[in-house]
Amino acid sequence: VEREDRVEQDPRLWWHAVDQALQALFARVDRNRVGAIAVDGTSGTVLGVDAAGAPLGPGRLYNDKAARSAAALIGEAAPATSAAHGATSGLAKAIEIAREARPHRILHQADWILGRLTGAFDVSDENNALKTGYDPVARAWPDWLGSVGLDRDLLPRVVEPGRAVGELRTDLARVWDLKPGILVVAGTTDGCASFLATGAEEVGDAVTALGSTLTLKILSARPLFDPASGVYSHRLGERWLVGGASN
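Criteria and cut-off values
Residues numbered from 1 in each chain as written. Predicted model: local features only at pLDDT ≥ 70, side-chain atom pairs only at ≥ 80, totals over all residues. Heavy atoms only, no water. Pairing = 2+ DSSP bridges. Helix = DSSP H or I, 4+ residues; strand = E, 2+ residues; numbered from the N terminus. Core = buried A, V, L, I, M, F, W, Y, C linked by side-chain atoms within 4.5 Å. Buried < 20%, exposed > 50% of the residue type's maximum accessible area, 1.4 Å probe, protein only. Contact = heavy atoms within 4.5 Å. Axes fitted to C-alpha atoms, helices over the stretch in contact; angles between N-to-C directions. Parallel < 35°, antiparallel > 145°, perpendicular 65-115°, else oblique. Left-handed = near helix turned anticlockwise from the far one by under 90°. Nonpolar A, V, L, I, M, F, W, Y, C, P; charged D, E, K, R; others polar. Salt bridge = Lys/Arg side-chain N within 4 Å of Asp/Glu carboxyl O.

Caption draft 1: Fine view of the pairing of strand β14 (residues 239-246). Pairing geometry for strand β12 (residues 214-220) and β14, over seven bridges, is antiparallel. When the bridges of β14 are listed, I218 appears paired with V242. Across five bridges, the pairing between strand β13 (residues 232-236) and β14 is antiparallel. Residue pairing in the sheet places Y232 in a bridge with G243 of β14. Taken together, β13 and the strand that follows it, β14, pair antiparallel across an intervening segment of two residues, in which G237 is found at a positive phi of about 65°.

Structural data, given as structure tokens:
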């Protein structure tokens, strides 16, 4: 749904798509070889949930740019190097969701799907959290978030992409005819996932991906931040994916 720069989507559609995609995949592979599941999602897509993980409204998508007043607050409080600047940032939308829905927690798209897989709606990864204000150098939610009126307790704990966060729910394992005890691991953003899917792994390797957004990612030994030019860095262990995106 699009109206006045708001771009929203029913999260139930995400879960339906996950179920359909996995059903189709598992019909084509040896299910006994499945050992872990990870989720990637669109960077900057967020939603508010209650204590049981149920959505309190539609998800605000990555290209939603309605949160201009929140973006102005971020512009005054956030360091110039933060990837949370701008009305399309996850943080700008999170501030509005906190005001309007009074959620138990604010999650990214990938976080919520991860929660549906494990039953625990309390974890994110360093890549999806970046545009919500997460500091990938300090590896923490920064103190300045309080200056923009967002309670850090609303945000999930953050772990490295690839870190095991739980096991697949037993009822889902039965539905998908999978062995018990399959790990669910923290994922990443869609842009980072497209880089990893190519097999690129050496510093200096670069990948361009064209979908609804054009992304450019270059593997670097150190981070670079120039949000005014659209350049930011996602952390991958002790290395970095430097780049940006354009619609």
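On we go from here.
Caption draft 2: Examining the nonpolar core more closely. One finds W15, W112, I113, L117, L168, W176 and L178 to be the most contacted residues of the largest nonpolar core, which totals 29 residues. Ignoring sequence-local partners within four residues, the contact set of I113 consists of W14, W15, V18 and V39. If you look at the next biggest cluster of nonpolar residues, it comprises 22 residues, including A67, I106, Y134 and L145.

Caption draft 3: Seen up close, the pairing of strand β11 (residues 206-210). Relative to β12, β11 runs antiparallel, the two being bridged by five bridges. The partner of T208 across the bridge, within β12, is L216. The antiparallel pairing of β11 with β12 creates a hairpin that spans three residues between the two strands.

Caption draft 4: Spatial organisation of the packing of helix α1 (residues 11-26) against helix α4 (residues 109-118). For the pair α1 and α4, interaxial distance at closest approach is 11 Å and the crossing angle is 60°. Classified by the interaxial angle, the pair formed by α1 and α4 is oblique. For the crossing formed where α1 meets α4, the hand is right-handed. Residues P11, R12, W14, W15 and V18 of α1 touch α4, and the partners they reach there are Q109, W112, I113, R116 and L117. Looking at side-chain class alone, the contact of α1 with α4 contains seven nonpolar, one polar and two charged residues.

Caption draft 5: Focus on unusual backbone geometry. Even without a glycine there, the phi angle at R139 is positive, about 55°. Along the chain, R139 turns up in the loop between β7 (123-125) and β8 (157-159). Judged by its relative accessible area of 29%, R139 is partly exposed. Despite not being glycine, D177 has its phi angle at roughly 55°, a positive value. Mapped onto the elements of the fold, D177 is located in the loop between α5 (170-175) and β10 (183-189).

Caption draft 6: The pattern of salt bridges, seen in detail. In the structure shown here, the tally under the stated rule is 15 salt bridges. Residue E96 is joined to R6 by a salt bridge in which the shortest nitrogen-to-oxygen separation is 3.6 Å. Remark: R6 occurs in strand β2 (residues 6-9) and E96 occurs in helix α3 (residues 90-101); sequence separation between them is 90 residues. Taking relative accessible area as the criterion, E96 reaches 10% and is therefore assigned buried.

Caption draft 7: Region of interest: helix α6 (residues 190-197). All of the buried residues in α6 are G191, C192, A193 and F195. Buried residues in α6 make contact with β3 (36-41), β10, β11, β12, β13 and β14. G199 sits one or two positions beyond α6 and adopts a positive phi of about 90°.

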